[in-house]
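Reading the structure
Here are the chains, one letter per residue:
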Amino acid sequence: MSYLYEGTDRRQVYVGNIMFGAGQPIIIAGPCAVESEEQLEAGIAPIADKIDMIRGGAFKPRTSPYSFQGLKEEGLKILQKISQKFDLPFVTEVLSPEDVPLVAEYADMLQIGARNMQNFALLTAAGASGKPVLLKRGMSATLKEWLNAAEYILKEGNMDVVLCERGIRSFDASTRNVFDLAGAVLARGQSCLPVIADPSHGTGVRELVCPMIKASLAAGLDGVMVEVHADPDSAASDGQQSLSPEEFLDCLAVIE
Ligand code: PEP
Ligand code: MN
């Protein structure tokens with residue numbers, strides 16, 4: 001029993017008026033966390049006509065409980081406002097099953113983060129919400145575990161699932177994670193679902209993000225999700241792996 005191969009064709013996933021898996025890579029960008037309306041707008045405005053979708057965390061899964069936890073519903077409201085302003089759909093993370101109705105009320109796509117990849121109650125609730133879901137690979141998850149996590153969403157009758165490779169743990173701390181591009185390509189071959197890459201968390205190092213964007217698209221993935229912040233050095237989270245709008249545009253210019 002598996003829904004991973006439903007049909008004979010590759011799955012196309014609509015989010016608003018964009019489509020994952022239709023041949024054209026989908027570019028998602030925005031800050032790690034929504035910090036304020038001004039911050040989000042300053043990061044998105046310069047890149048708005050080069051991206052397909054906005055990202056930004058309102059509920060943040062931080063390693064330390066004392067780190068910035070996100071603006072929660074206020075962050076969702078800001079995301080909705082900026083999304084409407086630039087006519088771009090947005091994806092944002094949901095951390096617990098209880099929050100799914102609230103996040104689904106605002107977001108165009110629900111993100112399930114690496115730390116929650118095997119939160120089966122959350123996977124089921126996200127599946128039942130009927131919203132498209134972006135499912136990150138857990139930092140210590142095998143491909144089989146990742147695909148089985150997707151099954152929990154599909155099983156609810158929700159086929160709108162996009163997988164996202166975001167790096168896995170290794171013994172070497174030179175990069176935050178090991179960006180498993182080969183694993184992402186393999187996961188794409190082992191399911192009908194679109195697979196995108198997040199080279200920001202995948203590397204944790206600003207200078208490595210553009211090379212891995214290029215590699216992901218050259219490898220035939222269905223898109224990339226990139227952390228872009230108006231002023232990376234002042235970001236509330238993940239500034240070290242965030243690109244400035246200018247750096248991001250320079251990277252895209254090389255790809256086009
Ligand atoms: C994020 O995308 O902001 C995030 C927390 O990612 P991950 O779950 O991959 O760590
Ligand atoms: Mn982040």
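For the structure, see preceding data.
What counts, and at which threshold
- Position labels on residues start from 1 in each chain and follow its written sequence.
- Written order decides the labels, with chains lettered from A and ligands numbered from 1.
- pLDDT decides what is reported in this predicted model: residues at 70 or higher carry local features, side-chain atom pairs at 80 or more are listed and counted, and totals for whole chains, interfaces and linings draw on all residues regardless.
- Values reported for side chains reflect all heavy atoms of the structure, with hydrogen atoms and water molecules removed beforehand.
- For this analysis, a salt bridge means a side-chain nitrogen from Lys or Arg found within 4 Å of a carboxyl oxygen belonging to Asp or Glu.
- Helix numbering and strand numbering both begin at the N terminus, where a helix is a DSSP run of H or I of at least 4 residues and a strand a DSSP run of E of at least 2.
- To sort residues, take the accessible area from a 1.4 Å probe on protein chains only and compare it with the maximum for the residue type: under 20% means buried, over 50% means exposed, and anything in between is partly exposed.
- Only N, O and S atoms count as donors, using a 2.8 Å cut-off from the metal and 3.2 Å for Na, K and Ca, and because water is excluded some sites may appear unfinished.
- Two strands qualify as a pair provided DSSP detects at least 2 bridges between them.
- A clockwise course of the path from the first strand over the helix to the second, judged with the strands pointing away from the viewer, identifies a crossover as right-handed.
- Patches here: salt-bridge-free residues with over 30% relative accessible area, like charges joined within 9 Å, nonpolar side chains (Val, Leu, Ile, Met, Phe, Trp, Tyr) joined within 5 Å.
- For the accessible areas, the method is Shrake-Rupley and the probe is 1.4 Å, while residue cover comes only from the protein chains on display.
- Positive charges are assigned to Lys and Arg, negative charges to Asp and Glu, while His and the chain termini are left out of the count.
- Charge positions come from single atoms, namely NZ of Lys, CZ of Arg, CG of Asp or CD of Glu.
- Near is defined per residue: the residue qualifies when any heavy atom it owns lies within 4 Å of the molecule or strand.
- Polar contacts, as counted here, are pairs of nitrogen or oxygen atoms within 3.5 Å of one another; within protein the pair requires one atom able to donate a hydrogen and one able to accept it, and residues that are adjacent in sequence qualify only if both atoms are side-chain atoms.

**Structural notes on the pattern of salt bridges**
- What the rule picks out here adds up to 11 salt bridges.
- In this structure, the salt-bridge partner of Lys85 is Glu41, at a minimum N-O distance of 2.8 Å. You can see Lys85 sitting in helix α2 (residues 73-86) and its partner Glu41 sitting in helix α1 (residues 37-44), a full 44 residues away along the chain.
- Taking the relative accessible area as the measure of exposure, Lys85 reaches 53% and is therefore exposed.
- Arg137 is the salt-bridge partner of Asp180, the closest N and O atoms lying 2.8 Å from each other. Residue Asp180 is located in the loop between β8 (161-165) and α6 (181-189), and its partner Arg137 is located in the loop between β7 (133-136) and α5 (143-154); the two are separated by 43 residues in the primary sequence. No difference in accessibility class separates Asp180 from Arg137, as the two residues are buried.
- Each member of the salt-bridge network shares a partner with another, and the members are Arg137, Glu165 and Asp180.

**Here's the deal with the coordination of the manganese ion (ligand 2)**
- Bound to the manganese ion (ligand 2) are the protein donor atoms Cys32 (SG), His201 (NE2), Glu227 (OE) and Asp238 (OD), situated 2.0 to 2.4 Å from the metal.
- Sequence spacing among the residues donating to the manganese ion (ligand 2) works out to C-x168-H-x25-E-x10-D. With His201 in helix α7 (residues 199-203) and Asp238 in the loop between β10 (223-227) and α9 (245-255), this residue pair connects regions lying 37 residues apart in the sequence. The pair formed by His201 and Asp238 is uniform in burial state, with each residue classed as buried.

**Some thoughts on the pairing of strand β6 (residues 109-112)**
- What you see with β6 is no split at all: Met109 and Gln111 on one side and Leu110 and Ile112 on the other are buried throughout.
- Of the strand pairs in this sheet, strand β5 (residues 90-93) and β6 are connected by 3 bridges, and their pairing is parallel. Of the residues in β6, the one forming a bridge with Glu93 is Gln111.
- One crossover worth recording links β5 to the parallel β6 by way of helix α3 (residues 100-106), and it is right-handed.
- Here β6 pairs with β7 via 3 bridges, running parallel. Looking across to β7, one finds that Ile112 is bridged to Leu135.

**Describing a negative patch on the surface**
- Residues Glu207, Glu246, Glu247 and Asp250 make up a contiguous surface patch of negative charge.
- No other element matches α9, which puts 3 residues into the negative patch.
- Here Glu247 lies in helix α9.
- The exposure class assigned to Glu247 is partly exposed, which follows from its relative accessible area of 35%.

**Description of the environment of Asp250**
- Mapped onto the elements, Asp250 comes out in helix α9.
- Asp250 sits in the exposed class, given a relative accessible area of 54%.
- Residues Asp250 and Asn177, spaced 73 residues apart in sequence, show a C-alpha to C-alpha distance of 24 Å.

**Details of the site of ligand 1**
- Ligand 1 sits among 13 residues. The nearest are Arg55, Ala114, Arg115, Lys136 and Arg166.
- Interatomic distance of 2.9 Å between a side-chain N/O atom of Lys60 and an oxygen atom of ligand 1.
- At a separation of 2.6 Å, an oxygen atom of ligand 1 approaches a polar side-chain atom of Arg166.
- Burial of ligand 1 by the surrounding chains reaches 97%, relative to a free accessible area of 290 Å².

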